[in-house]
Amino acid sequence: MKKSLFKSLRAYRHQPLSLFLKLLVWLSIALTVGAFVLLVGYVLVMGVPHLSLDFFSLTYTSDNVSLFPALVNTLSITALALVIAVPLGIFAAIYLVEYAKRGNKLVALVRTTAETLSGIPSIVYGLFGLLFFVTTLGWGYSLLAGAFTLAIMILPLIMRTTEEALKAVPDSFREGSFGLGAGKLRTIFRIVLPSAVPGILAGVILAVGRIVGETAALIYTAGTVAAIPDGIFSSGRTLSVHMYTLANEGLHVGKAYATAVVLIIMVVGINALSGFLAKKITKT
């Protein structure tokens, strides 16, 4: 091992800049992995001892501070937000890549708007959702108001990632489909979109991560009621809001860490499922 290390260093003796850049890259990798392991390890150490069956009770009380209602609310609001945002984002990206002409002013306007929306703080989205969905439309603090607010937040992300995934599909795929007599719409849905599925799913995964971790926008729109919802117009807290509430009260900080553990497991599970589906779709 020492000999191989010396050989590597000797190979860079006439290229000190390359050696410096390589060491910088490895240092960045080590810092990134180390920060991730430290963060996840700390959360697991602090949270796992507080996981218990009572913590997953169907009903929330001041004694068990069950996260089960928050888990149901998180899954519900995530599904609602994705149902709203994913089709809009994908179809918008299809128009920008496949139909819009180069140099189109509308395309430039849409991209500028998407980039601007991506940089707006979540608290601003929450205030907008409070004023428009909760107050003006009269939906009140509800899962629907929270889902629409989150859909607006993740729409630019899904649109841009889908756009890049569609651009990555070689033009030869389109030309071959056209050469076999397929129309543009059939080519898009049978050739282009299946090839872009991994990239699209990557955007959806990032969107799910933002939904699951969002707190500020949901406090103003979905509310903080710790109960299983009766419908989409019911108020309810998500896991991130549940964790924030427990930590803010200061009475169940250990349970807040346990909620963080469940959040990590949930995100990892979603990532694994998305990767599995991407492989299956790509093979077919």
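As the structure is a computational prediction, the values presented were derived from the model and not from experiment.

**Q** Help me get a handle on the layout of surface pockets, residues and values and all.
**A** In this structure, the largest pocket occupies an estimated 410 Å³ of space. Lining the largest pocket are 19 residues; nearest its centre among them are L96, V97, E98, A100 and R102. Contributing elements (two or more residues each) for the lining of the largest pocket: α3 (68–99), α4 (105–118), α6 (143–168), α7 (171–179) and α8 (184–213). Per-element tally for the lining of the largest pocket: the top contributor is α3, with four residues. Of the residues that constitute the lining of the largest pocket, the class distribution is eight nonpolar, three polar and eight charged. Of the volumes computed, that of the second largest pocket is approximately 170 Å³. In terms of lining residues, the second largest pocket is bounded by F36, L39, V40, V43, A260, L263, I264, V267, V268 and N271. Among the elements that take part in the lining of the second largest pocket, helix α11 (residues 253–283) stands out by supplying six residues, more than any other. Looking at the lining of the second largest pocket, you find at least three residues from each of domain 1 (2–50) and domain 2 (53–283).

**Q** Please set out unusual backbone geometry residue by residue, giving values where relevant.
**A** Phi at V65 is positive, roughly 35°, even though this residue is not glycine. Looking at the element boundaries, V65 is found in the loop between α2 (16–47) and α3. The exposure class of V65 is buried, given its relative accessible area of 1%.

Reading guide: rules and limits
Residues numbered from 1 in each chain as written. Predicted model: local features only at pLDDT ≥ 70, side-chain atom pairs only at ≥ 80, totals over all residues. Heavy atoms only, no water. 1 Å grid on protein atoms, 1.4 Å probe; cavity = no way out; pocket = protein on both sides within 12 Å on 5 of 7 lines; lining within 4 Å. Points joined across faces, edges and corners; volume = space filled by probe spheres on them. Helix = DSSP H or I, 4+ residues; strand = E, 2+ residues; numbered from the N terminus. Nonpolar A, V, L, I, M, F, W, Y, C, P; charged D, E, K, R; others polar. Domains from an automatic or database assignment. Buried < 20%, exposed > 50% of the residue type's maximum accessible area, 1.4 Å probe, protein only.

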